[in-house]
Amino acid sequence: MTAVRVKGRDGTEQTVDATDGMALMESLRDAGLGVEGTCGGAMSCGTCHVYVAAAWADRLPARSQDEADMIEALADFVELRPTSRLSCQIPVDAGVEGLSVEIAPQV
Amino acid sequence: MGDQINLKVLLESQTLERCPFPIPTGWYFVDYADTLKAGEMRNVTLFGQEWVLFRTESGKPGMSDPYCPHLGAHMGHGGKVCGEHIRCPFHHWEYDTAGWCKNIPYAKVTPPIVKKQAILRTLPMVEKYGMMWAWYHPLCEAPSFELPYIPEIEDATGYTGSRRGSWTADTCIQEIAENGVDVAHLKFLHGAPGIPPVSASYDGPVMKLDIGQGYIVGTAYGPGLNVMRFNQHGITATMISYTQPISAEQSRMNMSFRHVDYAEGTPELHASKKVIDHMIGAAEGEESAGFESVDFIVWNNKKYRPNPLLCDGDGPVLQFRKWFKQFYPAADAATLAKI
C-alpha cells in the first residue's frame, strides 16, 4: 500500500491507501470518491480525471497521446489544468508515496 | 535390385489436407444488386464468418462484422438501418458503411478513438455488373486492384442473355480455379476429343489463359472473377464466373452467360445458345461433358497435394499456384509450406 493524498469533489482531504501494482484509478474508485473508471483503463471514458499537485506533475510517467486526446475531449465539460491526468494511467508503487491529487468534477 | 520404395511419397496422403488455404484476398461477388433494397439488412456467410449486409437509405451498400465494438451485440439480429448508418439494437450505437461510429446517443464525451478511426470492421464495396462486390483482405488492407469493365454485362445495348447459375462445391476457391490450367483433365474427365494446348500469362492479380489456340480465352481478375470467352461456330459467347469463398472449405460458384444480341432465327443466335449450353453441360449430342456433371465429384472428394507428381502433357499447374500465392498475404511459414 502507498499513501496518496486526495482532495475530493466536496473539498475534503483524506489519505487513501492505494494498492501497489494497480492503477491509481482503481483505489480511488474503490474508496468511494466518485471516480468511476468505467472503461477500465482504455482511455475512452474520461471518468477518472484528476488534477495532480504541481510538484508531482513531472515525477509521473508522461501522458501518452491517447491520454492527452481523452483529456482534450473533456474540455467542453470540465476545467482542464496543465496537470490534468487520467488516474488510470498513474501506476501505484512506492515511488508515488505522498502523491497529492484532486478529483476533477464529474462530466 | 530396385530402388528403395519412397515411403514418404506413398504415405503422404495420410497427412494431406483437403483445403489447407486461408481465404484468398480479392474482390468477391456478394449478391445481385436488386436483392437488397434501401433500408434493408440481412446476415450473410462469406469468407469464413457471418457479416451484416445492408443498404443505406440513399442506396449505398455496406457489409460489416456483426458484432458491435461496444458490448458485442449481433447487429444482424434486431439492428436496423437508420439513414446512412447501421444501428445496433443493444444501445443504439450507429456506424457508417466505412465502420466509423457516428452516434452514441447517451455519451456526453465521445471516446477519442471514435473520432480518429473506424472501429467496426467493414468491407470496401462496389456495385458493378448489377451486383454487389466486397473486397476481402485478411489484414483489412485497402483494395489493390479494380474490377474491370466487362462490355458483355455492362453495355446497355448489344448483348443479351439472362442465363445464370449457382453451384456449391465442397472445396476451396484455389482448387476450383486450378482446373482452368489443368488442360489434361479436359480430355479424361470431360471427355474432350484431345488435350488442348494452353498458354498462360500472369500480370499482378490478372491471369490470362488461352486454351485451344483461341477456342477459350479467359482472364482472371484475382480469385473472385473470371471472364471466359468461347469462340466457336463463328461467334463468341461469354461466361462470367464469380466464385465466393463461403468458408475455407466451401465455395459457391456463380456464373452469368452472355452473348451478342443477334436477331431471332439467325444462325448466329442459334450458335451462341448452343455454345452456352455446352459450357453448362446441357447440350444435346455433345461429345464432352460440361463442368456440372463431372468436376464436382473430383472437387468434393480430393485432397490437395502441395508436391504433385506431374508429367509431360500436364498444364502449367505450378505456375498457376505460384501466381495464386499472392492472394495469401498473411499466410505464415507453416501455412506456406502446405500450399
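Labelled according to an unreviewed UniProt entry, chain B appears under the name Rieske (2Fe-2S) protein, originating from Solimonas terrae. Under the Cofactor (unreviewed entry) heading, UniProt states for chain B: "Fe cation".

The name given to chain A in an unreviewed UniProt entry is 2Fe-2S iron-sulfur cluster binding domain-containing protein, and the organism recorded there is Solimonas terrae. Reading the Cofactor (unreviewed entry) entry of the UniProt record for chain A gives the comment "[2Fe-2S] cluster". Listed in UniProt under the heading Sequence similarities (unreviewed entry), the comment for chain A reads: "Belongs to the adrenodoxin/putidaredoxin family."

Colleague: Teacher, can you tell me more about the overall build of chain B here?
Modeller: Secondary structure assignment for chain B yields nine helices and 19 strands. In terms of principal-axis extent, the alpha carbons of chain B reach across some 80 × 65 × 30 Å. Taking all 339 residues of chain B together, 31% fall into the buried category. Intrachain contacts of chain B at a sequence separation of at least 6 include 55% that bridge at least 24 residues.

Colleague: So what exactly am I meant to see when it comes to the environment of K303 of chain B here?
Modeller: Residues and elements named next belong to chain B. Tracing the sequence through the fold places K303 in the loop between α7 (291-299) and α8 (317-324). In this structure the C-alpha to C-alpha distance between K303 and C19, which are 284 residues apart in sequence, comes to 7.3 Å. K303 has contacts with S13, L16, E17 and R18, leaving out every residue within four places of it along the chain.

Colleague: Hey, could you run me through the sheet that holds strand β8 (residues 101-103) of chain B in this one?
Modeller: Sheet strands pair by backbone hydrogen bonding; their relative direction is either parallel or antiparallel. All names here are of chain B. Taken in spatial order, the four strands line up as β5-β6-β7-β8 in an open sheet, and their pairing is antiparallel. Because the sheet does not close on itself, it has two edges, and the strands there are β5 (80-82) and β8. Two elements, strand β6 (residues 85-87) and strand β7 (residues 94-95), share two bridges in a ladder whose sense is antiparallel. Across the sheet, the residue bridging to R87 is E94, located in β7.

Colleague: Sorry, what's going on with the nonpolar core here?
Modeller: Membership of the largest hydrophobic core comes to 64 residues, with the highest contact counts inside it found for Y28, V30, L46, L53, W133, A134 and Y136 of chain B. Here the element with the most residues in this core is strand β10 (residues 131-136) of chain B; it accounts for six residues. The residues that make up this core include at least three from each of domain 1 (26-136) and domain 2 (151-338) of chain B. Excluding its chain neighbours within four sequence positions, the residues that come into contact with Y136 of chain B are I23, T25, G26, Y28, F47 and L123 of chain B. Core analysis: the second largest hydrophobic core is formed by 25 residues, L24, L28, I90 and V92 of chain A among them.

Colleague: I tried to follow unusual backbone geometry on my own but got confused; where do I start?
Modeller: One can expect most non-glycine residues to show negative phi and most peptide bonds to be in trans. All names here are of chain B. Phi is positive for C140, which is not a glycine, with a value near 60°. Along the chain, C140 turns up in the loop between β10 and α3 (151-154). Assessed through the 13 C-beta atoms surrounding it within 10 Å, C140 is described here as partly exposed. Of note in this structure, Q213 is not a glycine but carries a positive phi near 50°. In this structure, Q213 sits in the loop between β14 (206-211) and β15 (216-221).

Each value, and the rule that gives it
Numbering of residues begins from 1 in every chain and follows the order in which that chain's sequence is written. Written order decides the labels, with chains lettered from A and ligands numbered from 1. Restriction of local features to residues with pLDDT of at least 70 applies here, the model being predicted, together with a cutoff of 80 or more for giving and counting side-chain atom pairs; totals for whole chains, interfaces and linings are based on all residues. UniProt positions are given in the numbering used here, feature names are shortened, and annotations may be inferred rather than shown by experiment. Helix and strand definitions here come from DSSP, where helices need a minimum of 4 consecutive H or I residues and strands a minimum of 2 consecutive E residues; each element is numbered from the N-terminal end. Exposure is read from a count of other C-beta atoms within 10 Å of each residue's own; the residue is exposed at 12 or fewer, buried at 20 or more and partly exposed in between. C-beta atoms are placed from the backbone. Residues are treated as contacting if the C-beta atoms built from their backbones sit within 7 Å of each other. In this analysis, strands are considered paired if DSSP registers two or more bridges between them. For this entry, the nonpolar core is defined as buried Ala, Val, Leu, Ile, Met, Phe, Trp, Tyr and Cys residues connected by C-beta atoms within 7 Å. Domain start and stop points were drawn from an automatic or database domain assignment.

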